[in-house]
Amino acid sequence: MVVTNIEIIPGKRIVEHLGLVQGSSVRAKHVGRDIMASFKNIFGGELKGYTELLQESREEAMDRMIQQAEAVGANAVLNVRFSTSSVAAGAAELFAYGTAVVLE
Amino acid sequence: MVDLIVFITLLALGYGFGRYAETRHYKSIIAREKELQNIPVIASKFLPVRDKPSDAALVSGSVVISVDYFKRFLAGLRNLVGGRVTSYETLVDRARREAILRMKEEAKALGAHMVFNVKLETSSIHKGRRNAVGSVEVLAYGTALTKHR
């Protein structure tokens, strides 16, 4: 599975467009992490727990998008975009979408 | 009285640790930016015309950075008179540069020679009291191009 955020793959031809595929994930960290984060709000600096949270949800959103692409018979997802939003305090939503295509 | 003491202690702690963390972070950002200078990051959408086809893969980097208590207090004061909120400017600057650096590190691990169509996504996960922005999260992503061997 080739996943990129450009519209063409250099040196390869797109045979078929299969439409939009998407995946999203909403995640939260346990309370301990939230408490650590509120301490960090006093001292400043990176919130490692939340960075991790973001990474996990990004991977999960991508996985779901790829699963959907496989289900429609694509072998590549082009023009992928990410979008983030906060649903509640301490929870993050990550949404990934792209065009499923068949490459030769 | 106790409240005042707590407040001043928090301000002092925020000032001390925040300043230390920021200086250290900027140092590391500058050092790593120099190291990764040979991988250009390009925001344009269309690929350059080149004779050799390359492999493409999605790379991304993300970071969540929080502002310290002292700076948040300063920003609150700034809200009264208006103007540039410098304390938040350095926060988002650090977050963006760090996210781009992490993306570049991932690209370097893949052996890429450039990163194309870079997009930056910013939002805040954690909101402090009275909806004040406590921390900012930045996600940078793009397509890493690797030359065919």
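Going by the structure above, here's the rest.
On a predicted model such as this, the values are computed, not experimentally measured, just so you know.

Peer 1: Can you walk me through the overall build of chain B in this structure?
Peer 2: The helix and strand tally for chain B stands at three helices and three strands. For chain B, the α and β elements follow one another from N to C terminus as α-β-α-α-β-β. Every one of the 149 residues in chain B was classed for burial, and the buried ones make up 34%. Counting only contacts in chain B whose residues sit at least 6 apart along the sequence, the fraction spanning at least 24 positions is 82%.

Peer 1: Can you help me understand the overall build of chain A in this one?
Peer 2: Counting secondary structure elements, chain A contains two helices and five strands. Counting helices and strands in the order they occur from the N terminus, chain A gives β-β-α-β-α-β-β. In terms of overall dimensions, chain A is more spread out than a globule: its C-alpha atoms have a radius of gyration of 17 Å, far above the 13 Å expected for 104 residues. For chain A, the spread of C-alpha atoms along the principal axes amounts to about 55 × 25 × 15 Å. With 104 residues in all, chain A has 35% of them scored as buried. Partitioning the contacts of chain A with sequence separation of at least 6, the portion at a separation of at least 24 is 76%.

Peer 1: Mind showing me how you'd approach helix α1 (residues 31-43) of chain A here?
Peer 2: Residues separated by three or four positions in an α-helix point in the same direction, a consequence of the helix having 3.6 residues per turn. Look at α1 of chain A: 19 Å from first C-alpha to last across 13 residues, which is about the 18 Å you get at 1.5 Å a residue. The complete set of buried residues in α1 of chain A reads Ala37, Lys40 and Asn41 of chain A. What you see down the axis of α1 of chain A is that its buried residues fit within an arc of 110°, all on one side. For α1 of chain A, exposure combined with an orientation more than 90 degrees from the buried face picks out Val31, Gly32, Ile35 and Phe39 of chain A. In this structure, the buried side of α1 of chain A is in contact with β3 (45-46) and α2 (48-71) of chain A together with β1 (54-66) and β3 (135-147) of chain B.

Peer 1: How should I be thinking about the nonpolar core in this particular structure?
Peer 2: Most often, soluble globular proteins keep nonpolar side chains buried together rather than apart. Counting 47 residues, the largest nonpolar core has Val77 of chain A together with Ala99 and Met103 of chain B as the members making the most contacts within it. Counting residues per element, the ones that place at least two in this core are α2, β4 (76-88) and β5 (91-103) of chain A together with β1, α3 (86-110), β2 (114-123) and β3 of chain B. When residues no more than four places from it in sequence are discounted, the contact partners of valine 77 of chain A are Val3, Val21, Met65, Ile66, Ala69, Gly98, Thr99 and Ala100 of chain A.

Peer 1: Is there a simple way to explain helix α1 (residues 2-35) of chain B in this structure?
Peer 2: End to end, α1 of chain B covers 49 Å across 34 residues, agreeing with the expected 50 Å (1.5 Å per residue, within 8%). Every buried residue of α1 of chain B is listed here: Gly14, Gly18 and Glu22 of chain B. Elements in contact with the buried residues of α1 of chain B: α1 of chain A together with α2 (69-81) and α3 of chain B.

Peer 1: Got a minute to help me understand the interface of chain B and chain A in this structure?
Peer 2: One frequent convention defines the size of an interface as the accessible area lost when the parts assemble. Facing the 40 residues of chain B at the interface are 31 residues of chain A. If one sorts the elements of the side of chain B that touches chain A by residue count, β1 of chain B sits on top with ten residues. Here β3 of chain A runs beside β1 of chain B; their pairing, made up of two bridges, is antiparallel. Pairing of glutamate 46 of chain A across the sheet is with isoleucine 65 of chain B, part of β1 of chain B.

Peer 1: Looking at this model, I keep getting lost on the pairing of β3 of chain B. Mind explaining?
Peer 2: A regular strand carries its side chains on alternate faces of the sheet. Residues and elements named next belong to chain B. Of all 13 residues making up β3, eleven are buried, and the element is well covered by its neighbours. Examined bridge by bridge, β1 and β3 share 13 bridges and lie antiparallel to one another. Residue isoleucine 65 lies in a different strand from β3, and its bridge partner there is valine 136.

Peer 1: Help me understand the packing of α1 of chain B against α3 of chain B, please; the structure alone is not making it clear to me.
Peer 2: Packed helix pairs are characterised by how far apart their axes lie and by the angle those axes make with each other. Residue and element names in this part refer to chain B. Two numbers describe how α1 lies on α3: the axes approach to 10 Å, and their chain directions differ by 35°. Both α1 and α3 take part in a crossing whose hand is left-handed. Counted together, Glu22, His25, Ile29, Arg32 and Glu33 of α1 and Thr90, Arg94, Arg97, Glu98 and Leu101 of α3 form the full contact between these two elements. Of the residues in the contact of α1 with α3, the class split is two nonpolar, two polar and six charged.

Peer 1: Just to check I follow, could you spell out unusual backbone geometry for this structure?
Peer 2: As a rule of thumb, non-glycine residues mostly have phi less than zero, and peptide bonds are mostly trans rather than cis. Even without a glycine there, the phi angle at asparagine 79 of chain A is positive, about 55°. Examined against the element boundaries, asparagine 79 of chain A turns out to sit in strand β4. The backbone of asparagine 117 of chain B shows a phi angle near 50°, a positive value even though the residue is not glycine. Mapping asparagine 117 of chain B onto the fold places it in strand β2.

Basis of the calculations
Residues numbered from 1 in each chain as written. Chains lettered and ligands numbered in written order. Predicted model: local features only at pLDDT ≥ 70, side-chain atom pairs only at ≥ 80, totals over all residues. Helix = DSSP H or I, 4+ residues; strand = E, 2+ residues; numbered from the N terminus. Buried ≥ 20, exposed ≤ 12 C-beta atoms within 10 Å, placed from the backbone. Contact = placed C-beta atoms within 7 Å. Rg over C-alpha atoms; globule rule 2.2 N^0.38 Å. Expected span 1.5 Å × (residues − 1). Arc of directions from axis to C-beta. Core = buried A, V, L, I, M, F, W, Y, C linked by C-beta atoms within 7 Å. Pairing = 2+ DSSP bridges. Axes fitted to C-alpha atoms, helices over the stretch in contact; angles between N-to-C directions. Left-handed = near helix turned anticlockwise from the far one by under 90°. Nonpolar A, V, L, I, M, F, W, Y, C, P; charged D, E, K, R; others polar.

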